[in-house]
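# Geometric and topological summary
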Amino acid sequence: MSAGNNFRFITCSVLLIFSYFAENVANEPTPIVMWHGMGDSCCAFYSLGAIKEKLNASIPGVYVHSLKIGDNFLEDVENGYFMHPDSQIEMACEKIQQDSQLANGFNAIGFSQGAQFLRALVQRCPTPRIKNLISVGGQHQGVYGLPNCGALSNNACDYIRKLLNHAAYIDWVQKGLVQATYWHDPLNEEEYKKNSSFLADINNELVINETYKTNLLTKEWKVDIYSMSKLRVLFRTVLEKHPIIGNSVVYGTLCVAAEASQQTINKKILNKPSQPLDLETIGRYGIYGTGIGGPLLAVWYRYLDKKLPGATAKVVVKKMLIDQFLFTPQLLVIFYVTMSILEHKEDLLAECKSKFAHTFLANCLFWLPGQAINFSLVPSIYRVTYVGTCSFAWISILCWLKRQDVASSKPDDS
């Protein structure tokens, strides 16, 4: 099934269900509330914005409220990673209660983590009433492990899971990273129940919350129309059908997340009193990652795999050396010059000249082992996604290096 057919499948499924709702209130269709998933936003043209248009076209006159958790696009994306679900649900409840067009109730669609947040909204915010909730790939029992970890050995997967388990249940991680709050280790239920700051509560696994139970029993529920396995199929087919666009969006999102996470640590966790995030800087990383870095990496890896197919030791070493010493220096120059252009600096090469050597050395130490795994174990279509995921850590290093003052090597305030 092609990426386009997958997208049409999910859209048509949603439309069919809501068309049924519309038939029952033809003169005044029930309003719809949507909540996006991790790394997305309320109104992106390629995701919920497109689905909103389809709903409006299918159900004339329907009011669609796509929840925005924050004051703008970047805050909405950032809060999907760093605002605790309790706070997100409280904010969503206030927004819905303040929207007069939702006063008589509404139907809801949740995507990925947005689905479980809407379910928690049913439990914690019973008015106005959710008449029907559609969960699209919602992780109602949490997440665990590494999706599609078959490319690595079982021992490697288990080792990484153990590392994630250790980190996920640390108190400050639970407070600062949304995805940790629904991490569910099925091999250690007691630790999960003891340390989970969100999922164990809404799943009534600590104590039976009678209010949650009552609120859930008063709702009409629909079976998930799109499982996580189908979402993974969609992700794969998008990368196969549109590798440059798909990988660029993923890489750009991870660039934004990396910069936002570092700013959150520096300005909100370590700095007292906390300071607001620099949204312009976060936006610049988004522009670079989506518009320049992502496309360049996608084209480069396709070219490299075509010229040097296979994963033998000899081929892997060749790819590593060519990537590290031919492509990477050029990419670092492009990064620094692009950021200087976006920052409207007069000397576009000054920062690059000052920081290139240290950045390239750090890059070698980080990426040589990383690319050894990439070229030997990771399937071709996942190369940029793998690089982007590693880049979450690398860009945090890069952000720190970029913050060093050109003249004095002291951190600046950006």
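It should be noted that the structure appears before, not after, this text.
Not measured: the values here are computed from a predicted model.

Turning next to the pairing of strand E1 (residues 32-35). Residues Ile32 and Met34 line one face of E1 and the alternating positions Val33 and Trp35 line the opposite face, and both faces are buried. Sheet analysis places E1 next to strand E2 (residues 64-66), joined by three bridges and oriented parallel. Its bridge partner being in E2, Val33 is matched across the sheet by His65. Crossover connection from E1 via helix H2 (residues 48-58) to parallel E2: handedness right-handed. Pairing analysis gives four bridges linking E1 to strand E3 (residues 106-111), with the strands arranged parallel. Bridge pairing in E3 links Val33 to Ala108.

It is worth spelling out helix H4 (residues 85-98) at this point. Between its terminal C-alpha atoms H4 stretches 20 Å, which fits the 20 Å expected from 14 residues at 1.5 Å a residue. Restricting attention to buried positions, one finds in H4 the residues Pro85, Gln88, Ile89, Ala92, Cys93 and Ile96. The buried residues of H4 occupy an angular sector of 135° when the element is viewed end-on, so they sit on one face. Exposed and facing more than 90 degrees away from the buried side of H4 are Glu90 and Gln98. Contacts from the buried residues of H4 go to E1, helix H3 (73-82), E3 and helix H5 (113-124).

We now examine the nonpolar core. Note that soluble globular proteins tend to have their nonpolar side chains buried in a common cluster. Formed by 32 residues in total, the largest nonpolar core has its most connected members in Trp35, Leu67, Ile89, Ile96, Phe106, Leu121 and Ile130. Within the residue set of this core, elements represented by two or more residues are E1, H4, E3, H5, strand E4 (130-136) and helix H9 (199-202). Counting residues per element, this core draws most heavily on H5, at five residues. Cys255, Val316, Phe375 and Tyr386 belong to the second largest nonpolar core, which has 28 residues in total.

Of all seven residues in E4, six are buried, a share of seventy percent or more. The parallel pair E3 and E4 is bridged by H5, and the resulting crossover is right-handed.

Should the sulfur atoms of two cysteines be covalently bonded, the bond is a disulfide. Inspection of every chain in the model, using the stated rule, returns two disulfides. Cys93 shares a disulfide with Cys125; S-S distance 2.0 Å. The disulfide joining Cys93 to Cys125 has a torsion of about 70° about its S-S bond and is therefore right-handed. In this pair, Cys93 sits in helix H4 while Cys125 sits in the loop between H5 and E4, placing the two residues 32 residues apart along the sequence. Comparing Cys93 with Cys125, the two get one shared label, buried.

Turning our eyes to something else, we now look at helix H15 (residues 350-377). When the terminal C-alpha atoms of H15 are compared, their 38 Å separation across 28 residues agrees well with the 40 Å that a helix rising 1.5 Å per residue should span. The complete set of buried residues in H15 reads Glu351, Cys352, Lys355, Thr359, Phe360, Asn363, Cys364, Trp367, Gly370, Gln371, Asn374 and Phe375.

Rules of the game
Residues numbered from 1 in each chain as written. Predicted model: local features only at pLDDT ≥ 70, side-chain atom pairs only at ≥ 80, totals over all residues. Heavy atoms only, no water. Buried < 20%, exposed > 50% of the residue type's maximum accessible area, 1.4 Å probe, protein only. Helix = DSSP H or I, 4+ residues; strand = E, 2+ residues; numbered from the N terminus. Pairing = 2+ DSSP bridges. Right-handed = clockwise from strand over helix to strand, strands pointing away. Expected span 1.5 Å × (residues − 1). Arc of directions from axis to C-beta. Contact = heavy atoms within 4.5 Å. Core = buried A, V, L, I, M, F, W, Y, C linked by side-chain atoms within 4.5 Å. Disulfide = S-S within 2.5 Å.

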